[in-house]
Amino acid sequence: MKMVYTVESNVTVKNENGTSKRSSCSCGGWLKHWEKLSGKTAGKCMIKNCNNDAVDGAHITRPKAENEDYKTHSYIIPMCKEHNLQVGKELSTKENTTFVWANVSETCGKKK
């Protein structure tokens, strides 16, 4: 399973419910986790046709992905507050969205 990957086309993502209670990692927040592991700076929300600033690292799955891992494992993408609050709703990403695995024990280590 890939820790970081980019999809050139628009894909369907679904915000996960209850992720705000998950403990973060030593990166300093989920958006910083995404930036650290992707090597990119979060700018705008990664949801199609949205031009709002990304302020959250959103936990998502890809319910229509062919690969079962992407359907069931949490990944992080940058989102604006409005889209991140749309829990359980299927949304379409912008082209060239980078996904970062949310499993801290396999990526950046657990917060002490």
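You'll find the structure just up there.
Residues numbered from 1 in each chain as written. Predicted model: local features only at pLDDT ≥ 70, side-chain atom pairs only at ≥ 80, totals over all residues. Heavy atoms only, no water.

(A) Focus on unusual backbone geometry. Even without being glycine, asparagine 49 reaches a positive phi, approximately 65°. Inspection of the secondary structure puts asparagine 49 in the loop between α1 (30-38) and β3 (56-61). You can call asparagine 49 exposed: its relative accessible area is 76%. Notably, asparagine 96 is not glycine yet its phi reads approximately 60°, a positive angle. (Helix = DSSP H or I, 4+ residues; strand = E, 2+ residues; numbered from the N terminus. Buried < 20%, exposed > 50% of the residue type's maximum accessible area, 1.4 Å probe, protein only.)

(B) Local environment of the nonpolar core. Core analysis: the biggest nonpolar cluster contains 19 residues, and Val13, Ile47, Ile60, Tyr75, Ile77, Met79 and Phe99 have the highest contact counts within it. Mapped onto this core, the elements with two or more residues apiece are β1 (4-7), β3, β4 (75-79) and β6 (97-101). It is β4 that provides the largest number of residues to this core, a total of 3 residues. In this view, phenylalanine 99 contacts Met3, Val4, Tyr5, Val7, Val11, Val13, Ile60, Arg62, Tyr75, Ile76, Ile77 and Thr93; residues no more than four positions away in its chain are not counted. Counting residues in each nonpolar core, the second largest holds 12 residues, with Ala42, Ala54, Ala102 and Cys108 among its members. (Core = buried A, V, L, I, M, F, W, Y, C linked by side-chain atoms within 4.5 Å. Contact = heavy atoms within 4.5 Å.)

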